[in-house]
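# Per-entry structural report
Okay, here's what each chain looks like letter by letter:
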Amino acid sequence: MIAGRLERHKKIVDKELAGYLPQRSQYPQVIHEAMRYSVLNGGKRLRPFLLVESCRLCGGSEKKALPFACAIELIHSYSLIHDDMPSMDNADTRRSRPACHKKYGEAIALLAGDGLLTLAFNVMARQKHTAGLADIIFEISKAIGSFGMVGGQVMDLQAKNQKKIDLPLIEYINLHKTASLIAAAARIGAMVGGGNVRQIDALRKYGEYTGLAFQIVDDILDRDGYAEVFGTSGAADEARRFVERAKGLLDIFGRKADSLRSFADHVMTRKK
Ligand code: GRG
């Protein structure tokens, strides 16, 4: 059931994203081609789903949430382009296709990431009628900057040069590199939906725990991070604990939060 919901939601988000991205024919064509190539390529759109559902739970509409959901996905896509580059994770493929730098070269890939990050803030700034717009933009910038995703990526790179990495460092990396943006998606959805402080905080924490579980599952698939410290089955137990904690935070919303309960469970079934 959650799979069907995600599929329907993905179609809606893909269409919106295609509308926000500059056309391939727009000058300078190569950068717009690279941006579209890197976004419109089969991503699961999990963060937009979380944002839209969190908004709905707090009484807001999908229509109001979608521009912010797209902004989060543009930011996510930028991070993947940069992460794939030789100076970072050095991955040749992304979503079963050549990575952006493999197709367009490193310089254009770097700039395509920059272009997507900038477009995300442009899309949000257009939502002038959204109450608390400045607070929303502040939250996103905090989640993805040097105290958030960028900081997590920095420590991930530094950890690669260490012989042995300890649990506090792994926790820092997982929280900042991955969970921070996922938590921001849930929090921003709640803010756009007009949630109260308790609801916004519950959804942020839900996003954080779900994001941590998501990254642990990734560690298990990659046999690093949590899997290195706890072993595969110990790491899976840790991930399950985070999922249960995440679901517990949804109690205040009652049955209306069932789709987010299923979403948290769905994270555990993630495959490469
Ligand atoms: C370059 C500043 C900068 C940050 C990069 C997100 C990130 C930080 C790096 C990605 C590395 C990575 C694989 C992290 C784990 C999180 C993860 C599994 C991301 C992939 O997310 P999905 O599964 O991907 O939602 P799709 O393709 O569906 O969008």
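Here the structure is a predicted model, which is why all the values come from computation and not from measurement.

## Notes on unusual backbone geometry
The peptide bond linking Tyr27 to Pro28 adopts the cis configuration, its omega dihedral lying at -5 degrees. Despite not being glycine, Asn90 has its phi angle at roughly 55 degrees, a positive value. Residue placement: Asn90 occurs in the loop between α4 (62-84) and β1 (93-94). Here the phi dihedral of Ser96 falls at roughly 65 degrees; this positive angle occurs in a residue that is not glycine.

## Thoughts on the pattern of salt bridges
For the structure shown, the criterion picks out 22 salt bridges. Between Glu139 and Lys142 there is a salt bridge; the shortest N-O distance is 3.9 Å. Of this pair, Glu139 and Lys142 both sit in helix α7 (residues 133-144), three residues apart, which is roughly one turn of that helix. Look at Glu139 and you get buried, because its relative accessible area is 14%. According to the relative accessible area criterion, Lys142 is partly exposed, its value standing at 45%. One salt bridge connects Arg187 with Glu139, and the closest N-O pair in it is separated by 3.2 Å. Of the two residues, Arg187 sits in helix α9 (residues 167-192) while Glu139 sits in helix α7, which places them 48 residues apart along the sequence. Counted as one network, the salt bridges with shared partners bring together Lys10, Asp14, Arg45, Glu73 and Arg95.

## A closer look at the side chain of Ser180
Looking at the secondary structure, you find Ser180 in helix α9. With sequence-adjacent residues up to four places away left out, Ser180 is seen in contact with Ala143, Gly148, Met149 and Leu175.

## Here we look at the packing of aromatic side chains
Tallied over the entire structure, the rule returns four aromatic pairs. In this structure, Arg270 packs its charged tip against the face of Phe214, placed 4.5 Å from the ring centre.

## Details of the site of the ligand
What surrounds the ligand is a group of 20 residues, the closest being Lys44, Arg47, His76, Arg95 and Arg270. For the ligand, an oxygen atom lies 2.8 Å from a polar atom in the side chain of Arg47. Within the side chain of Arg95, a nitrogen or oxygen atom sits 2.6 Å from an oxygen atom of the ligand. Coverage of the ligand by the protein amounts to 92% of the 700 Å² it exposes when considered alone. Those elements that place two or more of their residues in the shell around the ligand are α3 (46-57), α4, α8 (149-159), α9 and α10 (197-222). The element that contributes the greatest number of residues to the shell around the ligand is α4, accounting for six residues. In terms of residue class, the shell around the ligand is built from six nonpolar, seven polar and seven charged.

Thresholds, definitions, all that
Going along each chain's sequence as written, the residues are numbered from 1 onward. Given that this is a predicted model, residues contribute local features only at a pLDDT of at least 70 and side-chain atom pairs are listed and counted only at 80 or more, while totals for whole chains, interfaces and linings are drawn from all residues. With hydrogens and water stripped out, all remaining heavy atoms of the structure feed into the side-chain values. To qualify as a helix, a DSSP run of H or I must reach at least 4 residues; to qualify as a strand, a run of E must reach at least 2; elements of each kind are numbered from the N terminus. Basic side-chain nitrogens of Lys or Arg form a salt bridge, by our definition, when they fall within 4 Å of a carboxyl oxygen of Asp or Glu. Type-normalised accessible area, obtained with a 1.4 Å probe on protein chains alone, sets the label of each residue: buried when under 20%, exposed when over 50%, and partly exposed for intermediate values. We call two residues contacting when some pair of their heavy atoms lies within 4.5 Å. Between 30 and 60 degrees the pair is tilted, below 30 it is stacked and above 60 it is edge-to-face, where a pair is any two Phe, Tyr or Trp rings, Trp via its six-membered ring, whose centres lie within 6.5 Å. Whether a charge lies above a ring is judged from NZ of Lys or CZ of Arg, which has to be within 6 Å of the ring centre and within 35 degrees of the ring normal. We call a residue near a molecule or strand as soon as one heavy atom of that residue lies within 4 Å of the molecule or strand. Two N or O atoms count as a polar contact when they lie within 3.5 Å, although within protein this holds only if one can serve as hydrogen donor and the other as acceptor, and sequence-adjacent residues are included solely when both atoms are side-chain atoms. Per-residue and other accessible areas were derived by the Shrake-Rupley procedure at a 1.4 Å probe size, with only the shown protein chains allowed to occlude residues. Under this grouping Gly is polar, as are all residues other than the nonpolar Ala, Val, Leu, Ile, Met, Phe, Trp, Tyr, Cys and Pro and the charged Asp, Glu, Lys and Arg.

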